[in-house]
Amino acid sequence: MIRVVALCFLLLATVLGFLHLDSHPAWAPFQAPEMVSAESESIHNAKAALIQPKSDWLPDTGAASVHAASLIALKDDSLRAFWFAGSREGAADVVINSAVFNPHNNTWSEPTVVIDRVATEKSLARYIAKLGNPVPARATDGRLQLFFVTVSIGGWAGSSISTMSSSDEGLTWSKPQRLITSPFTNLSTLVKTPAISFADSRLGLPAYHEWIGKFGELLRIDGDQVIDKRRMSSGRSAIQPLVLVDAPEKAQAYFRQTRGSSKPHQIPVSETQNAGQSWQAQADLPISNPNAAITGVLLPNGLRVLVANDLEAGRSRLVMLAKDISATQWQTIEVLEDDEALAAEQRREFSYPYMIADGAQVDLVYTWDRKKIRHIRFDANWIKQAYSNAQAKSVSSEESKQ
């Protein structure tokens, strides 16, 4: 009887934790990106050299398995990466590493350990079984803030989010604190994708749940506190939301799908017209998704760019896609990795992409066979040209069929 009552209380607490209060005041608008006019872009493109993408690897830590890399631009125009490494995903020896990319000589610094399981356990005063999914953000006061997943019980579905901050661009860090996302259980909340900013300087942190339901949420964060949250999807089929902000009130979220075999394996979409206070499901993107993470950015010229495993199953192919605001069709503009022609046992995994845009630079990192992290730096002008080429090829192909 006691066990039944305890289970009922746990379920009730979970449900209450997932709800939001409609009495909360309206959210501030998004910090919308500055868009470049077509005329200004044309002048820029006429003068800009077409810089080819540059590929390298994040520094080797000697770990057998590396995964879930992320990026953030630093104040001196360098780039800081985070990723986790250990004997395998979810192992007790997993640590979160970091390194800095120098754009002037195209080199990475030696890797450092930001946090490990034991230090996290001591700071949080609770048992920690494993760490994962580091996501950096820039706080209003200029500090770096790092969000990451901690698990105390069960698998990833038993996760919670912890955070720490740095006032010296990631050289040193504060002790981790646990984000309180629910007043009761505070379980099954994870992060994977970049944070967004609101006009009132607060952060919007896309998060997701994997226990009971599988759905996305947007957490509104002030410092180290979650002050509100809103559901972005429903049911058990959409996690790891990627949010691209179009305007002060408008944004779209693209999800990793977790549907059953009888349902479409495409990218689910939600949209908000009131700065994240409510979200409405939209038609899927007609892009295959094999229950794998996606990433993307919105460029100043309005071009949407996504990186995804465009397969029904498996992660042996990774591509970059783009779509102009006026276009109806996504174009594959670059095949980044492709082992599909190999025998199944020879195919490697290319997964967990993470991409950011900073001015004219677009940086991408992703897991390469769980043994390395690849980094590719793109010039925004090159991406635009690649999209134009793909569009022209698509039009030519359609005309040849007529």
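Up top is the structure these notes are about.
Residues numbered from 1 in each chain as written. Predicted model: local features only at pLDDT ≥ 70, side-chain atom pairs only at ≥ 80, totals over all residues. Heavy atoms only, no water.

Student: Give me the overall build of the chain: which residues, what numbers.
Tutor: Within the chain, the regular secondary structure consists of four helices and 25 strands. Across the 402 residues in the chain, those meeting the buried criterion constitute 53%. Long-range pairs, those at least 24 residues apart, make up 48% of the contacts in the chain between residues at least 6 apart in sequence. As presented, the chain carries roughly 17,900 Å² of accessible surface, and 53% of it is formed by carbon and sulfur atoms. (Helix = DSSP H or I, 4+ residues; strand = E, 2+ residues; numbered from the N terminus. Buried < 20%, exposed > 50% of the residue type's maximum accessible area, 1.4 Å probe, protein only. Contact = heavy atoms within 4.5 Å. Areas by Shrake-Rupley, 256 points an atom, 1.4 Å probe, with all protein chains shown as cover.)

Student: Residue-level account of the sheet that holds strand 21 (residues 317-323), with values.
Tutor: The strands making up a sheet are joined through hydrogen bonds of the backbone, oriented either antiparallel or parallel. Taken in spatial order, the four strands of this open sheet run 19-20-21-22, and their pairing is antiparallel. What marks the edges here is a single partner per strand, and that holds for strand 19 (295-298) and strand 22 (331-338). For this sheet, the mean inter-axis angle between neighbouring strands, taken without regard to orientation, is 15 degrees. Taken together, the five bridges between strand 20 (residues 304-308) and strand 21 define a ladder with antiparallel strand orientation. Bridging across to strand 21, L306 finds its partner in L321. (Pairing = 2+ DSSP bridges. Axes fitted to C-alpha atoms, helices over the stretch in contact; angles between N-to-C directions.)

Student: For the pattern of salt bridges, give the residues involved together with the corresponding values.
Tutor: Summed over the entire model, instances satisfying the criterion amount to 21 salt bridges. E89 is the partner of R370 in a salt bridge, and the nearest nitrogen-oxygen pair spans 2.5 Å. Of this pair, R370 sits in the loop between strand 24 (361-368) and strand 25 (372-379) while E89 sits in the loop between strand 3 (79-86) and strand 4 (95-102), and the two are 281 residues apart along the sequence. D339 is the salt-bridge partner of R348, the closest N and O atoms lying 2.8 Å from each other. According to the relative accessible area criterion, R348 is partly exposed, its value standing at 29%. You can call D339 buried: its relative accessible area is 5%. What you see here is one network of salt bridges that share partners, running through E89, R315, E349 and R370. (Salt bridge = Lys/Arg side-chain N within 4 Å of Asp/Glu carboxyl O.)

Student: So what's going on with the environment of K122? Residues and values would help.
Tutor: Relative to the helices and strands, K122 resides in helix 3 (residues 117-124). Residues K122 and K175 lie 53 residues apart in sequence; the distance between their C-alpha atoms is 9.3 Å.

Student: Lay out the pairing of strand 24 with the relevant residues and their values.
Tutor: Counting buried positions along strand 24 yields seven of eight residues, so the element is predominantly enclosed. As judged from the seven bridges shared by strand 23 (residues 350-358) and strand 24, these two strands associate in the antiparallel manner. Note on strand 24: the bridge partner recorded for M355 is L364. Linking two consecutive strands that pair antiparallel, namely strand 23 and strand 24, is a turn of two residues; a positive phi of about 65 degrees is found at G359 within it. With eight bridges connecting them, strand 24 and strand 25 associate as antiparallel partners. Bridge pairing in strand 25 places L364 opposite I376. Count of turn residues in the strand 24/strand 25 antiparallel hairpin: three residues, of which D369 carries a positive phi of about 60 degrees.

Student: Explain the side chain of T295 to me, and be specific about the residues and the numbers.
Tutor: Relative to the elements of secondary structure, T295 occurs in strand 19. At 2.9 Å, the side chain of T295 forms a polar contact with the backbone nitrogen of M355. Once residues within four sequence positions are removed from consideration, T295 is found in contact with L242, V305, L306, V307, P353, Y354, M355 and L364. (Polar contact = N/O pair within 3.5 Å; in protein donor to acceptor, adjacent residues only side chain to side chain.)

Student: Lay out the environment of M232 in plain terms, naming residues and giving numbers.
Tutor: Considering the arrangement of structural elements, one finds M232 in the loop between strand 14 (225-231) and strand 15 (238-245). For M232, a relative accessible area of 2% puts it in the buried group. Separated by 16 residues in sequence, M232 and G216 place their C-alpha atoms 5.1 Å apart. Excluding its chain neighbours within four sequence positions, the residues that come into contact with M232 are G216, E217, L218, P241, V243, A253, F255, S270 and W279.

Student: Could you give an account of the environment of D284, with specific residues and numbers?
Tutor: Inspection of the secondary structure puts D284 in strand 18 (residues 280-288). Note on D284: relative accessible area 23%, which makes it partly exposed. Ignoring anything within four residues of it in the chain, the contact list for D284 reads R259, P264, Q266, I267, P268 and V269.

Student: So what's going on with the packing of aromatic side chains? Which residues, and what values?
Tutor: Any pair of aromatic rings gets described here by the distance separating the centres and the angle formed by the planes. If you walk through the whole model with that rule in mind, you get eight aromatic pairs. Aromatic side chains F82 and W173 sit 5.9 Å apart centroid to centroid with 75 degrees between the ring planes, which places their arrangement in the edge-to-face category. Residue F82 is found in strand 3, and its partner W173 is found in the loop between strand 9 (159-166) and strand 10 (177-178); the two are separated by 91 residues along the sequence. Per residue, the accessibility class of F82 equals that of W173, and both read buried. (Phe/Tyr/Trp six-rings, centres within 6.5 Å; stacked < 30°, edge-to-face > 60°.)

Student: Give me the lowdown on the sheet that holds strand 7 (residues 130-138), citing residues and values where you can.
Tutor: Spatially, 7-8-9-10 is the arrangement adopted by the four strands of the open sheet, whose pairing is antiparallel. Among the strands making up the open sheet, the edge pair consists of strand 7 and strand 10. In terms of strand pairing, strand 9 meets strand 10 through two bridges, oriented antiparallel. Bridge pairing in strand 10 places S162 opposite R178. Packing of helix 3 onto the sheet brings it into contact with strand 7, strand 8 (144-151), strand 9 and strand 10, and relative to strand 7 it is tilted by some 75 degrees.

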